[in-house]
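Chain and residue survey
For reference, the chains in residue letters:
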Amino acid sequence: MTPLVRSVRSADTLTRDALAVLQPGFTGTTAPDWLLRRLGEGLTSVGLFGRNVATPAQLASLTAQLREVREDVLVAVDEEGGDVTRLEVRGGSSFPGNLALGAIDDTGLTRDVARELGRRLAECGVTLNWAPSADVNSNPSNPVIGVRSFGADPQLVARHTAAYVDGLQSAGVAACTKHFPGHGDTAVDSHHDLPRIAADLPTLQERELVPFRAAIAAGTRAVMSAHILLPALDGSRPATLSPAALHGLLRAPAAEGGLGFDGLIVTDGMEMQAISATYGLERGSVLAIAAGADAICVGGGLADEDTVLRLRDALVNAVRDGELPEERLTEAAARVRALARWARDASAAEGVAPAPGIGLAAARRALRLTADGPYAPLTGPAYVAAFTPLANIAVGDETPWGVAAELSRLLPGTDTATYTGEAAATAGTTALIDGLLDAAAGRRIVAVVRDVHRHPWMAEALRALLGARPDTAVVEMGVPQSPPLGAPHLATHGAARVCGQAAAETLTGQGPAPRR
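Owing to the predicted nature of the structure, the values given are computational and were not obtained by experimental measurement.

A separate point is the pattern of salt bridges. For the structure on display, the rule yields 35 salt bridges. Between Glu305 and Arg37 there is a salt bridge, and its shortest N-O distance comes to 3.0 Å. Highlighted residues: Glu305 in helix α12 (residues 305-320) and Arg37 in helix α2 (residues 33-41), separated in sequence by 268 residues. Between Glu80 and Lys178 there is a salt bridge; the shortest N-O distance is 2.7 Å.

Now the structure itself:
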């Protein structure tokens, strides 16, 4: 009978470890029964998305519901602030985002903004934030990072990443610095395909890895891997699945050329096509844990019990088949539980003082105005033309952006319309602008754009509009890479709600003078 008892105990431990390394999502604003049941069986982490959040009070109630089952449950969310927000997914963020903070280049402000964001997360019961983005924005054509990066200078990104980590964790919320080893030099979105970075190892060491070293020195509790292929590290597998990237670079001691990180390694979302389309969800998850990842992020798209059971069983079977060493799974589960204990203890510590209004203050400081001469502030109803690119999946299409809502509040009667690349291709630029001018009916026009440098249709439409109406004000809410055009041109360095508010204040002459 003794061997049978040992076998049952071993099977139970293996199953609990397999559940412990998962960070799944779910649907709804209350926890489903299946999720609570799996928490009782060993699941240690839960990932929240915009669909799970209605109000701060509701979110606090939800996390309390989870903690009734497991006191140290690790509650994670993707709350970068700026364009990527889950707490304020339907109204827009109260914080301007990384590029705005990098443009200001005041690390004290970055620390304070991250502390206030962390305070709000902690107040709602969130203990792990899948942020900050430490990617160096080295490729202007990058379709997925952009304003989520602090900037293009590795040293600037490094000092603000460290400040962000410090601020967030001082509020009792674990930081998860991403996307290791750096997603900035890509022209492909890993949500759709597998990006390839051709940089050699010395370039990676001098550029992409600099902010990660700073984050580790600042004590980041977690690092998120990227689904990107770097032949300089591994010619066949993306970083999330690569022992060379995770164990050999991220974990290796500094004396061996590594970063010496000993915290939790979390994967980026495993449903993303860079992994799921090539390796499949189950196989990809097994390979990730084998490569050195400790936690599997899944739930952005697949948010049901079946996904959890499929991944649990895939990990258990991989151990039993000898494909995944049991000690590797045990080590990964232990790291998850260790962070869960840290988060539980940190959340019980004395809270930090609120800093209301700090996000708007930062957004105002991030504004940059370009004008060849004096410009007349808007004094009557305007017409806002939003030149809108396809939504970045990381941002989503639920979150509103632009200046129309704030301008309408300041200048009642202001109208707005959306203009897209598809409409430009169908109607032609000339017809598009003619229709815009008719709709504006003589009112001052405000053209709102995002990443003009990446969208030829947008640049062409903007030039045509300014040719017809040189008094058009232009608000660039993406990366201000193109030469400034407009009367005036405002760069907000992000599309968060507070960025739109700051721009609207300046356009109407009701805000502080922006930096030129």
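Having seen the model, we can carry on.
It is worth spelling out the sheet that holds strand β10 (residues 383-388) at this point. In space, the 6 strands of this open sheet follow the order β9-β14-β13-β12-β10-β11, with mixed pairing throughout. Taken across any chain shown, the strands that pair with only one partner, and hence form the sheet edges, are β9 (368-370) and β11 (415-420). On average, each strand axis in the sheet is inclined to that of its neighbour by 20°, with strand direction left out of account. Sheet analysis places β10 next to strand β12 (residues 445-449), joined by 4 bridges and oriented parallel. By the bridge assignment for β12, Ala386 is matched with Val448. Sheet contacts for helix α17 (residues 429-440): β10, β11 and β12; angle to β10, the most-contacted strand, approximately 155°.

Below, the discussion takes up the environment of Leu36. Relative to the helices and strands, Leu36 resides in helix α2. Distance from Leu36 to Leu230, taken between C-alpha atoms, is 39 Å for residues 194 residues apart in sequence. Residues contacting Leu36, with those up to four places away along its chain left out, are Ala31, Gln65, Leu66 and Val69.

Residues spaced three or four apart along an α-helix face the same direction, because each turn holds 3.6 residues. Relative to the 22 Å expected for 16 residues at 1.5 Å per residue, α12 spans 23 Å between its end C-alpha atoms, a close match to the ideal helical length. Positioned one or two residues after α12, Gly322 has a phi angle of 85°, which is positive.

Attention now moves to the packing of α17 against helix α18 (residues 456-468). It is the contact of α17 with α18, at a shortest axis distance of 10 Å, that shows an interaxial angle of 50°. Between α17 and α18, the angle falls in the class oblique. Relative to α18, α17 is oriented so that their crossing is right-handed. Counted together, Thr429, Leu432, Ile433, Leu436 and Leu437 of α17 and Glu460, Ala461, Ala464, Leu465 and Ala468 of α18 form the full contact between these two elements. Here the contact of α17 with α18 is built from residues that sort into 8 nonpolar, 1 polar and 1 charged.

Our next topic: the state of the cysteines. Per the counting criterion, the structure on display carries 0 disulfides. Distance from the sulfur of Cys124, which forms no disulfide, to the nearest cysteine sulfur (Cys176) is 19 Å. The thiol of Cys176 is unpaired, and the distance to the nearest cysteine sulfur, on Cys297, comes to 8.4 Å. By relative accessible area, Cys176 is classed as buried at 0%.

Moving on: the sheet that holds strand β6 (residues 222-225). Taken together, 6 strands build an open sheet; the order of strands is β2-β3-β4-β5-β6-β7 and the sheet is parallel. This sheet does not close on itself; its edge strands, each paired only once, are β2 (45-48) and β7 (264-266). Pairing of strand β4 (residues 128-129) with strand β5 (residues 174-180), which is carried by 2 bridges, proceeds in the parallel orientation. Bridge assignment links Leu128 to a residue of β5, and that residue is Ala174. Here helix α9 (residues 243-250) sits on the sheet in contact with β5, β6 and β7, set at roughly 125° to β5.

Counting 91 residues, the largest nonpolar core has Leu22, Leu48, Leu66 and Phe180 as its most contacted members. The element contributing the most residues to this core is α12, with 7 residues. If we skip the residues at most four places from it in the chain, Leu22 touches Leu43, Ser45, Ile296, Val308, Leu311, Arg312 and Leu315. Listed in part, the 26 residues of the second largest apolar core include Leu378, Met477, Leu490 and Ala496.

It is worth spelling out the environment of Leu229 at this point. Position of Leu229 relative to the elements: it lies in the loop between β6 and α9. Leaving out residues up to four positions away in the same chain, Leu229 has contacts with Leu194, Pro195, Arg196, Ile197, Asp234, Gly235, Ser236, Arg237 and Pro238.

Two faces belong to every sheet, and in a regular strand the side chains alternate between them. Here β5 lies mainly inside the structure; 7 of its 7 residues are buried. Once the chain exits β4 it traverses helix α6 (residues 154-170) before rejoining the sheet at β5, and the crossover so formed is right-handed. In this sheet, β6 lies alongside β5 in parallel orientation, the contact comprising 3 bridges. Within β6, the position partnered with Phe180 by the bridge is Ser225.

The next thing to look at is unusual backbone geometry. Look at the link from Lys178 to His179: it is a cis peptide, with omega at 0°. With respect to the helices, strands and loops of the structure, His179 is situated in strand β5. The phi dihedral of Ala441 is positive, around 50°, even though this residue is not glycine. Checked against the element boundaries, Ala441 lands in the loop between α17 and β12. Residue classification places Ala441 among the exposed residues on the basis of a relative accessible area of 59%. Unlike most non-glycine residues, Asp451 shows phi in positive territory, near 55°. Tracing the sequence through the fold places Asp451 in the loop between β12 and α18.

Calculation criteria
Residues numbered from 1 in each chain as written. Predicted model: local features only at pLDDT ≥ 70, side-chain atom pairs only at ≥ 80, totals over all residues. Heavy atoms only, no water. Salt bridge = Lys/Arg side-chain N within 4 Å of Asp/Glu carboxyl O. Helix = DSSP H or I, 4+ residues; strand = E, 2+ residues; numbered from the N terminus. Pairing = 2+ DSSP bridges. Axes fitted to C-alpha atoms, helices over the stretch in contact; angles between N-to-C directions. Contact = heavy atoms within 4.5 Å. Expected span 1.5 Å × (residues − 1). Parallel < 35°, antiparallel > 145°, perpendicular 65-115°, else oblique. Left-handed = near helix turned anticlockwise from the far one by under 90°. Nonpolar A, V, L, I, M, F, W, Y, C, P; charged D, E, K, R; others polar. Disulfide = S-S within 2.5 Å. Buried < 20%, exposed > 50% of the residue type's maximum accessible area, 1.4 Å probe, protein only. Core = buried A, V, L, I, M, F, W, Y, C linked by side-chain atoms within 4.5 Å. Right-handed = clockwise from strand over helix to strand, strands pointing away.

These figures come from the coordinates and say nothing about function on their own.
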